[in-house]
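The primary structure of each chain is shown beneath.
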Amino acid sequence: MSEAVTRTLTPPPGLLGSLDPLLREWLPRQRWFAGKGRPVTGFSLVAATELLPPGGKLGLYHLLVRAHQPLAPVPGAPEQPADCYQLLIGEREALPPRLAPALIGHVAEGPLAGRTVYDALHDPRPTELLLEALRTGARIGGLRFERDGSQRIRSGLVPRLVTSEQSNSSVVYGDTFILKLLRRIVPGVNPDLELPLALAREGCERVPAPTAWIRAELAGESYVLGVLQPFVQGAADGWELALRELAKGEDFAAAARALGRATAEVHTALARTLPTVTLGHTQVQQLVDGMVERLDVAAQAVPALQPYAPGLRSAFEALAGLAAEGSTWTAQRIHGDLHLGQCLRSPAGRWWLIDFEGEPSKPLAERRMPQPPVRDVAGMLRSFDYAAHSADPPIPGWAESCRAAYCSGYAQVSGADPRTDPVLLRAYETDKAIYEVVYEARHRPDWLPVPLSAIRRLAADGGTPTPSIPAPTPASPPSPRRPRP
Ligand SMILES: Nc1ncnc2c1ncn2[C@@H]1O[C@H](COP(=O)(O)OP(=O)(O)O)[C@@H](O)[C@H]1O
Ligand SMILES: O=P(O)(O)O[C@H]1O[C@H](CO)[C@@H](O[C@H]2O[C@H](CO)[C@@H](O)[C@H](O)[C@H]2O)[C@H](O)[C@H]1O
């Protein structure tokens, strides 16, 4: 183990105070900042570790900080703890031009007065240090770098920061590994590590197997801070591929069918290796209550939803009605935020599923609960619809053919065609479209018409759920009560 990785220092007292005014400006501008729209009024330090990159001249601090953002108090509701973020802060006298995009600011006072601070993930030396720590299984202060001993990590791989829009931040090492550093961190078992590890144990080869990971033990709680996994070289994500085919006027049905098969492989492996439960009337009613509550909150936040609320609610009530009549469903661990951008296709045409974090805005306990696998299917169906809306001119029937192909691919592997349970599918598609309306209103208002057009369809569907997906072929006979995967 190299000395550079094992030596640590206690960060200077007053460090966070000196960074405070700069972080208040910089943090809310980051794509991964979860508290958009509310001012940051201060920070508190959860943990700080000073790291020593080889070569000197560079200060480096690993910080876990809570960003305080006052919420309008809700009578009777528990006070929300402030979000905790992982930051890797570098400090230098001045930044070379190549690091200009990483600038956080110039420190006016305190222990770093006169220094320039920046997001050190843009800088090769700090990120080399992280890989070396993972390779050697280092412990640095409260940081634990752990690895799967069966996978080899070569030293000296050249790092580069992934610059695409992300909920977290990732660094690729020599096109061999990718390290995802989680930005908003929460204590507990993180599904982004838990599920890929479980799938690797099960021999499922649709998900890159975690090679190493970073954890912190703080006040008796464990936090996952990052995961290193093999990099799928030359891959394009499903969203890019779908848009490419649309631009050429090409059909995407064969790819969608293969993606349906890949999804079902992951679901069946998860159902084999992790607990499944049967959802009866009470549990389904709770699910439905959650969906209705999310609709109500969303309609408050985005008034454009309000005219459709009764129709959308009917999708949820139909599901509760089936449960009241005695229908049951199997729930299991699922991906939880599946869409085309979470699927990678290698140049050899193989589909991989990534990013098992679930919907980052939901509490960890909720994200880890077994759920009907149709929830992931509904996420993908929404994604084909999103892609189709990006085509100019639109290609009639493109989304419908992808949606049908995806479901039939899924049925080939799992033995259950999601279309044979239209009430469940419509409820989950509706829930997802409502989530998307809120997401787009908050992050990309120009995109709001995309989920809103699905909202109009889903609200009007009434007794004929998901009419836009052709019925399954006789090869996978409809059987509303057949067991789900
Ligand atoms: N194993 C991998 N191989 C190749 N590229 C990957 C891999 N994992 C992630 N990526 C790339 O990094 C991007 C972000 O990864 P993701 O896990 O979705 O992060 P986030 O949770 O921040 O959205 C993906 O869209 C993909 O382009
Ligand atoms: O950042 P994440 O990948 O965790 O997911 C969030 O951002 C996604 C957009 O980047 C958003 O997905 C929505 O837009 C996609 C097209 O950009 C589309 O394929 C998805 O179907 C649609 O839901 C996702 O909802 C959000 O959680």
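Computed from a prediction, not measured in an experiment: that's the story for all the values here.

1. Focus on the overall build of the protein chain
Here comes step 1: The helix and strand inventory of the protein chain stands at 13 helices and 18 strands.
Here comes step 2: On C-alpha atoms alone, the protein chain measures out to a radius of gyration of 24 Å, which is about the 23 Å that the 2.2 N^0.38 rule sets for 485 residues.
Here comes step 3: Here the C-alpha coordinates of the protein chain stretch approximately 70 × 50 × 45 Å along the principal axes.
Here comes step 4: Here the protein chain holds 485 residues, and the buried ones make up 54% of them.
Here comes step 5: Sequence-distant contacts, at least 24 apart, represent 70% of the contacts inside the protein chain between residues at least 6 apart.
Here comes step 6: As displayed, the protein chain has an accessible area near 20700 Å², and 54% of this comes from carbon and sulfur atoms.

2. Points about the domain arrangement of the protein chain
Here comes step 1: The domains assigned to the protein chain are domain 1 (2-230) and domain 2 (236-463).
Here comes step 2: Using only C-alpha atoms to locate each centre, domain 1 and domain 2 end up separated by 31 Å.
Here comes step 3: In this assembly, 25 residues from domain 1 lie in contact with 24 residues from domain 2.
Here comes step 4: When domain 1 packs against domain 2, the two sides together hide about 2300 Å² of surface, and 54% of this comes from carbon and sulfur.
Here comes step 5: Considering only the surface of domain 1 that becomes buried against domain 2, Leu195, Glu202 and Arg206 emerge as the three largest contributors, covering 31% of it.
Here comes step 6: Scanning the region where domain 1 abuts domain 2 turns up five salt bridges.

3. With respect to the side chain of arginine 92
Here comes step 1: You can see arginine 92 is positioned in strand 3 (residues 83-92).
Here comes step 2: Exposure remark for arginine 92: the relative accessible area of 13% places this residue in the buried category.
Here comes step 3: Apart from residues no more than four positions distant in its own chain, arginine 92 is found in contact with Leu58, Arg98, Leu99, Arg115, Thr116, Tyr118, Asp123 and Arg125.

4. Observations concerning the confidence of the model for the protein chain
Here comes step 1: Considering every residue of the protein chain, the mean pLDDT works out to 91; 91% of them sit at 70 or more.
Here comes step 2: In this model, residues 1-7 is a region of pLDDT below 50 whose contacts with residues beyond four sequence positions or in other chains number 15 contacts.
Here comes step 3: Confidence drops under pLDDT 50 across residues 463-467; counting only partners more than four residues distant or on other chains, this segment forms nine contacts.
Here comes step 4: For this predicted complex, the interface confidence comes out at an ipTM of 0.98, alongside a pTM of 0.91.

5. So, the environment of leucine 458
Here comes step 1: Of note, leucine 458 is situated in helix 13 (residues 449-461).
Here comes step 2: Classification of leucine 458 by relative accessible area gives buried; the value is 0%.
Here comes step 3: In contact with leucine 458, not counting residues within four places along its chain, are Gly311, Leu312, Arg426, Glu429, Thr430 and Ala433.

6. Some words on the sheet that holds strand 18 (residues 351-353)
Here comes step 1: With antiparallel pairing, the three strands of this open sheet are ordered in space as 14-17-18. A single partner strand is all that each edge strand has here, and the edge strands are strand 14 (236-237) and strand 18.
Here comes step 2: Bridge count for strand 17 (residues 343-345) against strand 18 is three bridges, and the pairing is antiparallel. What sits directly across from arginine 345, in strand 18, is tryptophan 351.
Here comes step 3: Its contacts with the sheet place helix 6 (residues 253-273) against strand 17 and strand 18, and it is angled at close to 45 degrees to strand 18.

7. Things to note about the site of ligand 2
Here comes step 1: Around ligand 2, 14 residues are found, and the nearest of them are Ser167, Ser383, Tyr435, Glu436 and Tyr439.
Here comes step 2: Serine 167 places a polar side-chain atom, nitrogen or oxygen, 2.8 Å from an oxygen atom of ligand 2.
Here comes step 3: Within the side chain of serine 383, an N or O atom sits 2.7 Å from an oxygen atom of ligand 2.
Here comes step 4: Starting from 540 Å² of accessible surface for ligand 2 in isolation, the protein chains cover 90%.
Here comes step 5: Elements with a minimum of two residues in the shell around ligand 2: helix 10 (374-389) and helix 12 (422-443).

8. Let's talk about the site of ligand 1
Here comes step 1: Taken together, 15 residues sit near ligand 1, with Gln166, Asn168, Lys180, Gln229 and Val232 positioned nearest.
Here comes step 2: The side chain of glutamine 166 places a nitrogen or oxygen atom 2.9 Å from an oxygen atom of ligand 1.
Here comes step 3: Between ligand 1 and the protein, one listed contact pairs a nitrogen atom with a side-chain N or O atom of glutamine 229 at 2.7 Å.
Here comes step 4: Protein contacts shield 86% of the accessible area of ligand 1, which totals 560 Å² for the unbound molecule.

9. Brief notes about the layout of surface pockets
Here comes step 1: As a volume, the second largest pocket reaches approximately 420 Å³.
Here comes step 2: In terms of lining, the second largest pocket is formed by 22 residues, of which the most central are Gln30, His122, Leu161, Val162 and Thr163.

Basis of the calculations
- Residues numbered from 1 in each chain as written.
- Chains lettered and ligands numbered in written order.
- Predicted model: local features only at pLDDT ≥ 70, side-chain atom pairs only at ≥ 80, totals over all residues.
- Heavy atoms only, no water.
- Helix = DSSP H or I, 4+ residues; strand = E, 2+ residues; numbered from the N terminus.
- Rg over C-alpha atoms; globule rule 2.2 N^0.38 Å.
- Buried < 20%, exposed > 50% of the residue type's maximum accessible area, 1.4 Å probe, protein only.
- Contact = heavy atoms within 4.5 Å.
- Areas by Shrake-Rupley, 256 points an atom, 1.4 Å probe, with all protein chains shown as cover.
- Domains from an automatic or database assignment.
- Buried area = accessible area lost by both parts, 1.4 Å probe.
- Salt bridge = Lys/Arg side-chain N within 4 Å of Asp/Glu carboxyl O.
- pLDDT = per-residue confidence, 0-100.
- Pairing = 2+ DSSP bridges.
- Axes fitted to C-alpha atoms, helices over the stretch in contact; angles between N-to-C directions.
- Near = heavy atom within 4 Å.
- Polar contact = N/O pair within 3.5 Å; in protein donor to acceptor, adjacent residues only side chain to side chain.
- 1 Å grid on protein atoms, 1.4 Å probe; cavity = no way out; pocket = protein on both sides within 12 Å on 5 of 7 lines; lining within 4 Å.
- Points joined across faces, edges and corners; volume = space filled by probe spheres on them.

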